[in-house]
Amino acid sequence: GISANNGPRISAEHLHRRLFGSRATMRNQFEVGRVRQAWEGELSSHTQPGLYRNLIGGTAERLESDTDRVISLRMRIGRAYETQRAERLTFVELERALVRPFATALQPTPVDSDTIAASLNQHGVWRDVDSVILPTLGRSFALQGGLGGVHSNGGALASGGFARLHARLQLWRPLGADWYGQARLELGQVFARLGVNVPESQRFRAGGDDSVRGYAFRSLTPQVDGVDIGGRVVATASVEVAHPISARLPNVWWAAF
């Protein structure tokens, strides 16, 4: 595949729905791309009464931007609820993140950041759309909250507690004659003392096809001595109109935004 955010990529996914004949599902996914290499795995129970399932999962990711490389390892244990209209995920996560900035003229010998964090998280998605894959009518609201603590290994930044909130609202409307409109609003903030080294995955970087179009993936973010760092606050909004390229390619659209 290829995407505006990450460029070309090769991915493979394996799903085993009755692991060793038990009522358990195992999923493994691998991705190798220009800026992202990752493994994601999950072992979960089959859906239980009330549409809940228990899960344990892990992720190993290497993500590269113009100014740094972020390597992260995450493990989580939680419970999920999933339907066509709503998703909820409650989980405890343990994470280690290593940020390696590239040398710049202002910072010829950058210092790596190494953090270990534990957090309790609640994620939810509510949607009312005509299609989950390519919506043209409806709305979607996603809300994430987390509370945790981080241990910073070395450097000037300190260990401490943090909290995180992130919300995203999207609206879709048909405009007639195969024209479609979309609006999006995103707000988020990390709450922590100024000197606390909040993990990179808990901070925000905007830019890219699913964020602020026209800017490179994860390029809208604060800089220190020419090196990108994740921001503690994010606020983005966009509107766009789209139209199919041709009747032969009804699912391939061009857009003005």
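Quick caveat, the model's predicted, so the values are computed rather than measured.

J.: Can you break down the side chain of Arg-74 residue by residue, with the values?
T.: With respect to the secondary-structure elements, Arg-74 resides in strand β6 (residues 68-82). Only 3.2 Å separates the side chain of Arg-74 from the side chain of Ser-72, close enough to count as a polar contact. Dropping the residues within four chain positions of it, Arg-74 is found in contact with Gly-57, Gly-58, Thr-59, Glu-61, Glu-93, Leu-94, Glu-95 and Ser-201.

J.: Any details on the side chain of Arg-53? Residues and values, ideally.
T.: Its location among the elements puts Arg-53 in strand β5 (residues 52-64). Relative accessible area serves as the criterion here: at 14%, Arg-53 is assigned to the buried category. Polar side-chain contacts of Arg-53 include one of 3.1 Å to the side chain of Glu-82. Every residue in contact with Arg-53, bar those within four places of it in the chain, is listed here: Glu-42, Ser-44, Ser-45, His-46, Thr-47, Gly-78, Arg-79, Ala-80 and Glu-82.

J.: Account for the pattern of salt bridges, naming residues and giving values.
T.: With the rule as written, the count across this model stands at 22 salt bridges. For the salt bridge of Glu-240 with Arg-213, the shortest nitrogen-to-oxygen distance reads 2.8 Å. Taken as a pair, Glu-240 in strand β14 (residues 233-246) and Arg-213 in the loop between β11 (179-191) and β12 (223-224) lie far apart in primary sequence, 27 residues in all. Judged by its relative accessible area of 15%, Glu-240 falls in the buried class. With a relative accessible area of 28%, Arg-213 lands in the partly exposed category. Each of Asp-68, Glu-200, Arg-203, Arg-205 and Arg-218 takes part in salt bridges that share partners, so that together they form one network.

J.: Kindly report on the pairing of β6, identifying the contributing residues and their values.
T.: Here β5 runs beside β6; their pairing, made up of 13 bridges, is antiparallel. Its bridge partner being in β6, Leu-63 is matched across the sheet by Val-70. In this structure, the hairpin formed by β5 and β6 is closed by a connection of 3 residues. Sheet analysis places β6 next to strand β7 (residues 86-101), joined by 15 bridges and oriented antiparallel. In the strand pairing of β7, Asp-68 is matched with Pro-101. As consecutive antiparallel partners, β6 and β7 are separated by 3 residues.

Definitions and cut-offs
Residues numbered from 1 in each chain as written. Predicted model: local features only at pLDDT ≥ 70, side-chain atom pairs only at ≥ 80, totals over all residues. Heavy atoms only, no water. Helix = DSSP H or I, 4+ residues; strand = E, 2+ residues; numbered from the N terminus. Polar contact = N/O pair within 3.5 Å; in protein donor to acceptor, adjacent residues only side chain to side chain. Contact = heavy atoms within 4.5 Å. Buried < 20%, exposed > 50% of the residue type's maximum accessible area, 1.4 Å probe, protein only. Salt bridge = Lys/Arg side-chain N within 4 Å of Asp/Glu carboxyl O. Pairing = 2+ DSSP bridges.

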